[in-house]
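The primary structure of each chain is shown beneath.
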Amino acid sequence: RRAARLTFSGSQSLLSASSGHGRVYASSCDGSNRRNSSTSSKIKVDLDSSSGIAVVKFQSPPVNSMSLDFLTEFSINLEKLELDKSCRGVILTSAVPKIFSAGLDILDMYAKSPEHCEEFWKAVQDMWLKLYGCSKIVIAGISGASPAGGCLMSMCCDYRIMADNPRYSIGLNETQLGIVAPFWFKDTMANTVGNRTTELSLQFGLMYNPTDALKIGLVDQLVPEDKVLSTASETMMKWFALPDHARQISKSMMRKPTIDKLVSNREADIKNFVSFITKDSIQKSLGMYLAMLKQRKA
């Protein structure tokens, strides 16, 4: 692959500071018993048992912040789908225009007790473990910007389809905020785009536009913005042609070593995160970042 242009983005951040708790309720029942829809405040699941496809939409405006509530709801819903034999594939996408997810919610890490930070990081770990280890076919329909946590969630999927809009970007940009991506973020990216690209991406905190993301293999396909979900559904049917058992074993074989690495180091990882995020210097940086966002909104 050709080397992609290195770009920086100041508009998309590692951490989202959204405090919006707007709820969007939409009925997707079609009157039959074949479609099951469940809606929580931040995650909407629409499972069509006839096709075997579950569409999971993030609906936590304005930017689908990965708060403790968001992460908990996501993990619970994904676990239910994992156990549902009528579900063969999952499409992750956003109900919020122009954004997939802006990443971890800074409000769950700023001015919080060590106990809360520990609970929050466990929820981040749980999300990754369930998604990266999911036996179902998981396709990301990236219909907007996808920095940091949004990028991590996308990389956990088996296939990534992104809206071909140069205004959108995707990447792990932790370094730009003085934060270090955990080893399992790094491992996930290295498994996706290779070690050298990951090394450059993490050190510079790079965000890639869709064209460059495709070049390095961070996404697999670009489509017009209004075709993301329909293309994901069409692509899913191609994956369904594969024998499930052999595909699942192959997926597990590729991903298990990476998963086992976190499982055997969970407590140490939590301890490292809490120790880091509660440092006065880091809290000061987060406070300044929040103030900057507040000023920008004003």
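What comes next is a walk through the structure. (Residues numbered from 1 in each chain as written. Predicted model: local features only at pLDDT ≥ 70, side-chain atom pairs only at ≥ 80, totals over all residues. Heavy atoms only, no water.)

## Things to note about helix α9 (residues 266-277)
For an α-helix, the turn length of 3.6 residues means that residues three or four places apart are oriented alike.
Alright, step 1. With 12 residues, α9 extends 16 Å from end C-alpha to end C-alpha; this agrees with the ideal 16 Å at 1.5 Å per step.
Alright, step 2. Taken together, the buried residues of α9 touch α2 (114-132), α4 (183-193), α8 (244-263) and α10 (280-297). (Helix = DSSP H or I, 4+ residues; strand = E, 2+ residues; numbered from the N terminus. Expected span 1.5 Å × (residues − 1). Contact = heavy atoms within 4.5 Å.)

## With respect to unusual backbone geometry
Alright, step 1. Note that the residue after Pro-61, namely Pro-62, is joined by a cis bond; omega there is 10°.
Alright, step 2. Structurally, Pro-62 is set in the loop between β4 (53-58) and α1 (68-83).
Alright, step 3. Even without a glycine there, the phi angle at Asn-64 is positive, about 55°.
Alright, step 4. Following the sequence through the fold, Asn-64 ends up in the loop between β4 and α1.
Alright, step 5. Backbone geometry places Ala-111, a non-glycine residue, at a positive phi of 55°.

## Some points on the state of the cysteines
Alright, step 1. Summed over all chains, the structure comprises 0 disulfides.
Alright, step 2. Of all cysteine sulfurs, the one in Cys-87 lies closest to Cys-134, which takes part in no disulfide; the gap is 7.5 Å.
Alright, step 3. We note that Cys-157 lacks a disulfide partner, and the nearest cysteine sulfur, in Cys-156, lies 6.8 Å from it.
Alright, step 4. The exposure class of Cys-157 is buried, given its relative accessible area of 1%. (Disulfide = S-S within 2.5 Å. Buried < 20%, exposed > 50% of the residue type's maximum accessible area, 1.4 Å probe, protein only.)

Any functional reading would require information beyond the geometric quantities listed.
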